[in-house]
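Working through the structure, step by step
What follows is each chain in one-letter form.
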Amino acid sequence: GKTLGLAASMADRGRLVACDIDAARLARLAPRAARAGAGIIETRCLRDDPLADLADVADLVVVDAPCSGTGTWRRNPEARLRLTGSALAGITALQAEILDRAARLVRPGGRLVYAVCSLLPAEGEAQVRAFGDRAAGFRLADARGRLSGSAAGIDTVSPMSQCLALSPARQGCDGFFVAEFERLC
C-alpha cells in the first residue's frame, strides 16, 4: 500500500524500487500495481540483491522498518503477548542494519525517511540517535511539516522535536514514529 501511495504521489513518473526480504510479498505487489496503473514500480528481493547498483543515486529512500507493532496494539491486543526483551533486541538490531544499508543508497542532498508503527523509544528516538552517531554525512531534518501535510497542527508526542510521532491516545490512529534525514553534500 505504501509503495502504491508513493507511485501515485510521483504521478507514475520516475523510478520506484520496492524492496522486501519476502519474495512472496513482493510478488503480490505486481497485480496490485497493474490495477492501480503504477508502471514505475520495480521490485527487488533483499535476500538475493544487495542493491549495489543503487548506491549513492536515490533522491529518497523510505524505510518502513519491521518493528514491534506496539502502535497497533489497540487493534491487535494479543500482539503484546509476543513481545519479549530478546525479541525487541532482535528487532532493533535489524532496524539498525536496514537503516545503514538504506543510507548507502541516498545521493548527496537526498533524503532518508525512517518509519515504524511503534511507540517504543528503543525503536524511535533511540534508533534515530544511534543512526546519527553512526552515519557521518547525515543530519536529522524536520519531518513534522512535510510528513504531516494535511494534518497540520498535529501535536506530536516525540521528545525529538524534528520527528513526527502519532499516538492512538492523542490522534486516535495507530501509533507511528517517523524521522527524516538529509545526506549532506
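See the structure shown above.
Keep in mind it's a predicted model, so treat the numbers as computed, not measured.

Cut-offs and rules
- Counting of residues starts from 1 at the beginning of each chain's written sequence and follows it residue by residue.
- Local features in this predicted model are restricted to residues of pLDDT 70 or higher, and side-chain atom pairs are both shown and tallied only at a pLDDT of 80 or more, whereas totals for entire chains, interfaces and linings draw on every residue.
- Side-chain numbers come from the whole structure's heavy atoms, not from hydrogens or water.
- Each helix is a run of H or I in the DSSP string that is no shorter than four residues. Each strand is a run of E no shorter than two, and both are numbered from the N terminus.
- Each residue's exposure class comes from its accessible area (1.4 Å probe, protein chains only) as a fraction of the maximum for that residue type: buried when under 20%, exposed when over 50%, partly exposed otherwise.
- In this analysis, two residues are considered to be in contact whenever any of their non-hydrogen atoms come within 4.5 Å of each other.
- Within 3.5 Å is the distance limit for a polar contact, defined as a pair of N or O atoms, with the added protein rule that one can donate a hydrogen and the other accept it, and that residues adjacent in sequence qualify only through two side-chain atoms.
- The term disulfide is used for any two cysteine sulfur atoms that are within 2.5 Å.

With that out of the way, let us pick up the environment of arginine 183. Here arginine 183 shows up in strand E7 (residues 176–183). Looking at arginine 183, the relative accessible area reads 21%, which means it is partly exposed. Look past the residues within four positions of arginine 183 in its chain and what remains in contact with it is Asp56, Val106, Arg107, Pro108, Gly109, Gly110, Gly137 and Phe138. Reaching out from arginine 183, the side chain makes a polar contact with the side chain of aspartate 56 at a distance of 2.6 Å.

Our focus in this paragraph is the state of the cysteines. Under the defined criterion, the tally for this structure stands at 0 disulfides. No disulfide involves cysteine 45; its sulfur sits 9.1 Å from that of cysteine 19, the nearest cysteine. The exposure class of cysteine 45 is buried, given its relative accessible area of 14%. For cysteine 67, which is in no disulfide, the shortest distance to another cysteine sulfur is to cysteine 117 and amounts to 3.3 Å.

These figures come from the coordinates and say nothing about function on their own.
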